[in-house]
Amino acid sequence: MPVIAGEAVEKIIVAIKGVPGLRPATPVSPGTTWLPVDWEGMAVDLTPELVQIRLIASRLPIPPLLDRASEAVRPVLAGTEWENAHLRLVVTDLDGAAFA
(Lines give C-alpha, C1' and ligand atoms only; values in the text may rest on other atoms or scores of the structure.)
Protein backbone atom coordinates (compact mmCIF):
# COMPACT_ATOMS: atom_id res chain seq x y z
CA MET A 1 0.00 0.00 0.00
CA PRO A 2 1.49 3.38 -0.96
CA VAL A 3 2.36 5.87 1.74
CA ILE A 4 0.18 8.97 1.62
CA ALA A 5 1.59 12.44 2.13
CA GLY A 6 0.15 12.87 5.63
CA GLU A 7 1.75 9.63 6.81
CA ALA A 8 5.07 10.59 5.25
CA VAL A 9 5.00 14.00 6.95
CA GLU A 10 4.27 12.38 10.33
CA LYS A 11 7.20 9.99 9.89
CA ILE A 12 9.49 12.82 8.79
CA ILE A 13 8.57 14.85 11.88
CA VAL A 14 9.30 11.86 14.13
CA ALA A 15 12.67 11.39 12.41
CA ILE A 16 13.57 15.06 12.82
CA LYS A 17 12.56 15.04 16.49
CA GLY A 18 15.04 12.19 16.95
CA VAL A 19 17.91 14.50 16.02
CA PRO A 20 19.06 16.39 19.13
CA GLY A 21 19.49 20.06 18.36
CA LEU A 22 16.81 20.32 15.66
CA ARG A 23 13.06 20.72 15.69
CA PRO A 24 10.44 21.51 13.05
CA ALA A 25 9.93 25.22 12.42
CA THR A 26 6.28 26.06 13.00
CA PRO A 27 4.47 29.31 12.14
CA VAL A 28 3.20 29.68 15.72
CA SER A 29 3.74 27.95 19.00
CA PRO A 30 1.38 24.95 19.13
CA GLY A 31 0.46 25.85 22.72
CA THR A 32 -0.78 29.33 21.83
CA THR A 33 -3.79 28.39 19.78
CA TRP A 34 -6.86 26.24 20.20
CA LEU A 35 -7.03 25.31 16.52
CA PRO A 36 -6.63 21.56 15.93
CA VAL A 37 -3.91 21.90 13.30
CA ASP A 38 -0.79 19.83 12.69
CA TRP A 39 1.55 22.76 13.28
CA GLU A 40 4.73 20.67 13.03
CA GLY A 41 3.56 19.18 9.75
CA MET A 42 3.51 22.68 8.28
CA ALA A 43 7.32 22.57 8.39
CA VAL A 44 7.36 19.94 5.62
CA ASP A 45 6.62 20.41 1.92
CA LEU A 46 6.39 17.33 -0.30
CA THR A 47 6.51 17.24 -4.08
CA PRO A 48 7.79 14.41 -6.29
CA GLU A 49 10.88 16.52 -7.03
CA LEU A 50 11.54 18.10 -3.63
CA VAL A 51 11.11 17.37 0.06
CA GLN A 52 11.72 20.58 1.97
CA ILE A 53 11.86 20.69 5.77
CA ARG A 54 12.10 23.94 7.69
CA LEU A 55 13.98 23.61 10.98
CA ILE A 56 15.01 25.48 14.09
CA ALA A 57 18.47 24.66 15.44
CA SER A 58 19.23 24.72 19.15
CA ARG A 59 22.84 23.56 18.81
CA LEU A 60 25.89 24.51 16.82
CA PRO A 61 27.56 23.72 14.47
CA ILE A 62 24.71 23.35 12.02
CA PRO A 63 26.25 21.24 9.20
CA PRO A 64 26.62 18.06 11.32
CA LEU A 65 23.03 18.50 12.53
CA LEU A 66 21.79 18.66 8.96
CA ASP A 67 23.84 15.57 8.06
CA ARG A 68 22.17 13.65 10.91
CA ALA A 69 18.74 14.96 9.89
CA SER A 70 19.31 13.81 6.32
CA GLU A 71 20.42 10.38 7.57
CA ALA A 72 17.24 10.18 9.67
CA VAL A 73 14.83 11.30 6.93
CA ARG A 74 16.15 9.39 3.89
CA PRO A 75 15.06 5.96 5.21
CA VAL A 76 11.57 7.36 5.85
CA LEU A 77 11.32 8.27 2.17
CA ALA A 78 12.57 4.90 0.92
CA GLY A 79 9.89 3.09 -1.05
CA THR A 80 7.66 6.16 -1.33
CA GLU A 81 6.97 8.46 -4.26
CA TRP A 82 9.44 10.90 -2.64
CA GLU A 83 12.31 8.42 -2.53
CA ASN A 84 14.21 10.13 -5.35
CA ALA A 85 13.22 13.69 -4.47
CA HIS A 86 15.88 16.24 -3.61
CA LEU A 87 16.00 16.72 0.16
CA ARG A 88 16.32 20.37 1.21
CA LEU A 89 16.82 21.12 4.92
CA VAL A 90 16.38 24.82 5.71
CA VAL A 91 17.34 26.25 9.10
CA THR A 92 14.96 29.17 9.48
CA ASP A 93 15.98 30.19 13.00
CA LEU A 94 18.45 29.60 15.79
CA ASP A 95 17.15 28.96 19.27
CA GLY A 96 18.97 30.97 21.95
CA ALA A 97 20.08 27.65 23.46
CA ALA A 98 22.49 27.30 20.55
CA PHE A 99 24.62 30.02 22.08
CA ALA A 100 24.62 28.70 25.65
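Thresholds, definitions, all that
- Residues numbered from 1 in each chain as written.
- Predicted model: local features only at pLDDT ≥ 70, side-chain atom pairs only at ≥ 80, totals over all residues.
- Heavy atoms only, no water.
- Core = buried A, V, L, I, M, F, W, Y, C linked by side-chain atoms within 4.5 Å.
- Buried < 20%, exposed > 50% of the residue type's maximum accessible area, 1.4 Å probe, protein only.
- Helix = DSSP H or I, 4+ residues; strand = E, 2+ residues; numbered from the N terminus.
- Contact = heavy atoms within 4.5 Å.
- Expected span 1.5 Å × (residues − 1).
- Arc of directions from axis to C-beta.

Please explain the nonpolar core as it appears in this structure.
Among the nonpolar cores identified, the biggest contains 21 residues, and Ile-12, Ile-16, Leu-22, Val-51, Ile-53 and Val-73 are the most heavily contacted of them. For this core, the secondary-structure elements that each account for two or more residues are α1 (5-17), β3 (50-57), α2 (62-77) and β4 (86-94). Apart from the residues lying within four places of it in its own chain, the contact partners of Leu-22 are Ile-16, Leu-55, Ile-56, Ala-57, Ser-58, Leu-65, Leu-66 and Ala-69.

Mind showing me how you'd approach α2 here?
Structural remark: α-helix, 3.6 residues per turn; residues separated by three or four positions point the same way. An ideal rise of 1.5 Å per residue puts 22 Å on 16 residues; α2 measures up with 22 Å between its terminal C-alpha atoms. Restricting attention to buried positions, one finds in α2 the residues Leu-65, Ala-69, Val-73 and Leu-77. The arc that holds the buried residues of α2, viewed along the axis, is 100°, so those residues lie on one side. The exposed residues of α2 that point more than 90 degrees off its buried face are Pro-63, Glu-71 and Pro-75. Looking at the buried residues of α2, the elements they touch are α1, β1 (22-24), β3 and β4. Following α2 by one or two positions, Gly-79 has its phi on the positive side, about 80°.

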